[in-house]
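So the chains spell out like this:
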Amino acid sequence: MRLLTLLCVGLIGTFVLAAASRHDLKKMFERPARIAFPEEEAYSPQRAALGKMLFFDTRLSGAQNLSCATCHNPSFGWETPAARAVGAMNQPLERHTPTIENLAESEHFFWDGRVTSLKEQIRGPITHPLKMNSSMKQVVRRLEAISGYRRYFEIAFPEAGLTENTILIALATYQRTLRSGWSPFDDWVEGDDDAISASAKRGFDVFTGIGHCADCHHGWAFTDHAFHSVGVGGDDIGRGILDPQMRHRFKTPGLRNIALRAPYMHNGSLNSLRAVVEHYRHGGSPLAHMNDMHPIEDMSDRNVNDLIAFLETLTAYNPHVSAPALPAD
């Protein structure tokens, strides 16, 4: 195996592995025992439950017809099963909906990383005229008119009550709890050698070896939370809107529950995991403006099949999330 450098989220330092065993490598993807919450946005079950109500409530949108869950659908890995979600103006949005799973450790949000806090990531779609087309003042007024919400905010935030800030904190608290569920891969990491197939085990070797997937998709959530150009065509400059040196670079998505999240890439241009793997196998699109990719000439058809089998083991046993009961008045 080639020299492989992996930065593992939750561990300190950079590990340089030469000829590492499969056993050593899979331990680098162990999930952390706890979720980190900022001190000023401390976790409580009341705040998380309130945030879940708000996440599924269409009253946060201007026309009261869209919720956060409309685009970030839990049945599809917290994404939208279409290249572009349809927003408030009944028009497709600019980019494919990114997943909001496993973002507690992230320092940048959206495909281009244009905001650096979960509260701002939440505020953006609510107030964007093409997305939910509301305002935080309008949301506060609507929620204040609902006795159930007033009571829940008094319980979750006894000192502040219902304010714009506590609405955003409640939603951010809930989003931090959105950890992808236990999967066959996790059982395998924990020592159950029969939890995944022989093909998937070979796929893990491809993932951490000749495929170089783990160069960017590492740590328990399978992402470096960084920005890369991966040979996708189109004129979207990605992080280039913030830094001209980062044109056409986009944030690395995590791979947990990836089999639920088609279509793929920032523009939703690839419809299947096989299409994604073949995209990387061939070094990206020749029409891309920038491309940090190179063809993997020694990747065989069997390698492709095994890699897909491995990626499918990252799907949680029970990814279903039930919708909450919402206060009526």
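Residues numbered from 1 in each chain as written. Predicted model: local features only at pLDDT ≥ 70, side-chain atom pairs only at ≥ 80, totals over all residues. Heavy atoms only, no water.

Re the overall build of the chain
Of regular secondary structure, the chain possesses 11 helices and 4 strands. Taken over C-alpha atoms, the radius of gyration comes to 21 Å for the chain, in line with the 20 Å a tight globule of 329 residues would show. Counting only C-alpha atoms and orienting by the principal axes, one finds that the chain spans roughly 65 × 45 × 30 Å. Looking at the chain as a whole, 50% of its 329 residues are labelled buried. Accessible surface, the chain as shown: approximately 15,300 Å² in total, 53% of it carbon and sulfur. (Helix = DSSP H or I, 4+ residues; strand = E, 2+ residues; numbered from the N terminus. Rg over C-alpha atoms; globule rule 2.2 N^0.38 Å. Buried < 20%, exposed > 50% of the residue type's maximum accessible area, 1.4 Å probe, protein only. Areas by Shrake-Rupley, 256 points an atom, 1.4 Å probe, with all protein chains shown as cover.)

Some thoughts on the nonpolar core
Of all hydrophobic cores here, the largest spans 36 residues; its most connected members are L54, F55, L143, Y149, F153 and I167. Sort the elements by how many residues they give to this core and helix α7 (residues 164-176) lands first, with 7 residues. Beyond its immediate stretch of four places on either side in the chain, L143 contacts L54, L60, Y149, R150, F153, L162 and I167. Formed by 33 residues, the second largest nonpolar core is a distinct cluster that contains A200, F207, A214 and Y264. (Core = buried A, V, L, I, M, F, W, Y, C linked by side-chain atoms within 4.5 Å. Contact = heavy atoms within 4.5 Å.)

Thoughts on the pattern of salt bridges
Within the structure shown, the criterion is met by 19 salt bridges. Put simply, D112 and R95 hold a salt bridge, and the shortest N to O gap is 2.8 Å. One end of the pair, D112, is in the loop between α3 (68-71) and α4 (118-127); the other, R95, is in the loop between α3 and α4, and 17 residues separate them in sequence. R95 gets classed as buried once you look at its relative accessible area, which sits at 13%. The partner of R95 in a salt bridge is D236, and the shortest N-O contact between them spans 2.7 Å. Taken as a pair, R95 in the loop between α3 and α4 and D236 in the loop between β3 (227-228) and β4 (250-251) lie far apart in primary sequence, 141 residues in all. Across the pair, D236 and R95 agree in class, each one buried. Salt bridges sharing partners connect three or more residues here, namely R95, D112, R114 and D236. (Salt bridge = Lys/Arg side-chain N within 4 Å of Asp/Glu carboxyl O.)

With respect to unusual backbone geometry
At the junction of A262 and P263, the peptide bond is cis and its omega measures out at -5 degrees in the coordinates. Relative to the elements of secondary structure, P263 occurs in the loop between β4 and α10 (273-281). Backbone geometry places Q64, a non-glycine residue, at a positive phi of 55 degrees. Looking at the element boundaries, Q64 is found in the loop between α2 (45-55) and α3.

Observations regarding the side chain of N102
Relative to the helices and strands, N102 resides in the loop between α3 and α4. According to the relative accessible area criterion, N102 is buried, its value standing at 5%. Only 2.9 Å separates the side chain of N102 from the backbone nitrogen of S180, close enough to count as a polar contact. (Polar contact = N/O pair within 3.5 Å; in protein donor to acceptor, adjacent residues only side chain to side chain.)

Section: helix α11 (residues 301-312)
Side chains three or four residues apart in an α-helix point the same way, a direct result of the helix having 3.6 residues per turn. Taking 1.5 Å of rise per residue, the 12 residues of α11 would be expected to cover 16 Å, and the 17 Å separating its terminal C-alpha atoms lies within 8% of that figure. Residues of α11 that are buried: N303, V304, D306, L307, I308, A309, F310 and L311. Those residues of α11 that are buried are in contact with α8 (184-189), α9 (198-208) and α10. (Expected span 1.5 Å × (residues − 1).)

Quick word on the packing of α4 against α7
Relative to each other, α4 and α7 sit at 110 degrees, their axes nearing to 9 Å. It follows that α4 is roughly perpendicular to α7 by the angle criterion. Contacts between α4 and α7 pair L118, K119, Q121, I122, R123 and I126 from the former with E164, N165, L168, I169, L171, A172, Q175 and R176 from the latter. Residue classes in the contact of α4 with α7 are distributed as 7 nonpolar, 3 polar and 4 charged. (Axes fitted to C-alpha atoms, helices over the stretch in contact; angles between N-to-C directions. Parallel < 35°, antiparallel > 145°, perpendicular 65-115°, else oblique. Nonpolar A, V, L, I, M, F, W, Y, C, P; charged D, E, K, R; others polar.)

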